[in-house]
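A look at the structure
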Amino acid sequence: MTTMPTTDPDTVSPDALHTPVLGWFDQHARDLPWRRPEAGAWGVMVSEFMLQQTPVSRVLPVYEQWLARWPRPADLAADAPGEAVRAWGRLGYPRRALRLHGAAVAITERHGGDVPRDHAQLLSLPGIGEYTAAAVASFAYGQRHAVLDTNVRRVFARAVSGVQYPPNATTAAERRLARALLPDDEARAARWAAASMELGALVCTARNEDCGRCPIAASCAWHLAGKPAHDGPPRRGQTYAGTDRQVRGKLLAVLREAVDPVPQAALDAVWHEPVQRARALDGLVADGLVEPLAGGVYRLPLT
DNA sequence: AAAACGTGGAC
DNA sequence: TGTCCAAGTTT
């Protein structure tokens, strides 16, 4: 007979988590450029786009160049989307660059050039989903939102539910828990969002977690249970080699480096298999990442 | 709801 | 060396 994990918000004591985690954050928060006051809402938003599935260490240099080149949304909006794709470099998932450009255009046209404060308005921008809308509203504007990213989900899974990893897909129970654990005070809630995320990023990591440095190890359900290994369906593994994604990446790398439009032959050289190669290129065009010109040449999108 | 969507560092 | 993982969004 086993007992179910404790996921009922009524059974957890929020303040017993808040105080130590916030205290730890005061001491150990990283000095990241998008956390500095001068970053502004635009800096926060740019960082959130870049950090979607990409590690901080790789984002840092691109972020700095991006903000120097396009210090306000209108600056990016005035430039070609292809320039955003080029400046994105090797961060991966280049559609994010296109969406960030699209968001800048929408902000310029519909919001007077200022990143909106309202969660619903943020959510309506391209490339902004539930997480990013909450993150921008919380980090940039100090609002009270449940900011549920992969780090926070893991912290909650362990500290509250007593399991090593959260479910593959975010559940309603997780959202409910995140809301229940949000401090009542707005400023404290915003601080909590950043702190709980930072704890997951630095201490309560996916592998090699460091419970010895964790401010809530003593009350962590998973730690108390003896840190049982993950039990259940395998966590989704990604394959990459030989996929369309890899071919798309190679094609786009050529276009990013090229100053002038690229002839078909130059693209053909990146992949031997013609059917997959054509499918990948078609996909890039369909996604608006590549613009086909007359005469069988291609370039990053000008419009 | 499941699958597509890049890239590179760490173990 | 191959697997795992990184502040998700979209269809």
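Residues numbered from 1 in each chain as written. Chains lettered and ligands numbered in written order. Predicted model: local features only at pLDDT ≥ 70, side-chain atom pairs only at ≥ 80, totals over all residues. Heavy atoms only, no water.

The name given to chain A in an unreviewed UniProt entry is Adenine DNA glycosylase, and the organism recorded there is Streptomyces crystallinus. Of the comments in the UniProt record for chain A, the one headed Sequence similarities (unreviewed entry) reads "Belongs to the Nth/MutY family." (UniProt positions renumbered as here; feature names shortened; annotations may be inferred.)

1. Considering the packing of helix H13 (residues 244-257) against helix H15 (residues 274-286)
Where H13 meets H15, the axes come as close as 9 Å, and the angle between the chain directions of the two elements is 70°. Between H13 and H15, the interaxial angle falls into the category roughly perpendicular. Seen along the crossing, H13 lies across H15 with a hand that is right-handed. Contacts from Asp244, Val247, Arg248, Leu251 and Leu252 of H13 reach H15 at Gln276, Arg277, Arg279, Ala280, Leu281, Gly283 and Leu284. (Axes fitted to C-alpha atoms, helices over the stretch in contact; angles between N-to-C directions. Helix = DSSP H or I, 4+ residues; strand = E, 2+ residues; numbered from the N terminus. Parallel < 35°, antiparallel > 145°, perpendicular 65-115°, else oblique. Left-handed = near helix turned anticlockwise from the far one by under 90°. Contact = heavy atoms within 4.5 Å.)

2. Section: the protein's contact with DNA strand C
In the vicinity of DNA strand C, 28 residues are found, and the nearest of them are Gly127, Gly129, Thr132, Asn151 and Arg235. Among the atoms of DNA strand C lying within 4 Å of the protein, the sugar-phosphate backbone contributes 64%. Between DNA strand C and Trp34, the relevant distance is 2.9 Å, taken from a base nitrogen to a side-chain nitrogen or oxygen of the residue. A distance of 2.8 Å is found between a sugar or linking oxygen of DNA strand C and a side-chain nitrogen or oxygen belonging to Asp149. Of all the secondary structure elements, the ones that give two or more residues to the surface near DNA strand C are helix H2 (40-51), helix H8 (130-139) and helix H9 (150-161). Of the residues contributing to the surface near DNA strand C, the split by class is 10 nonpolar, eight polar and 10 charged. (Near = heavy atom within 4 Å. Polar contact = N/O pair within 3.5 Å; in protein donor to acceptor, adjacent residues only side chain to side chain. Nonpolar A, V, L, I, M, F, W, Y, C, P; charged D, E, K, R; others polar.)

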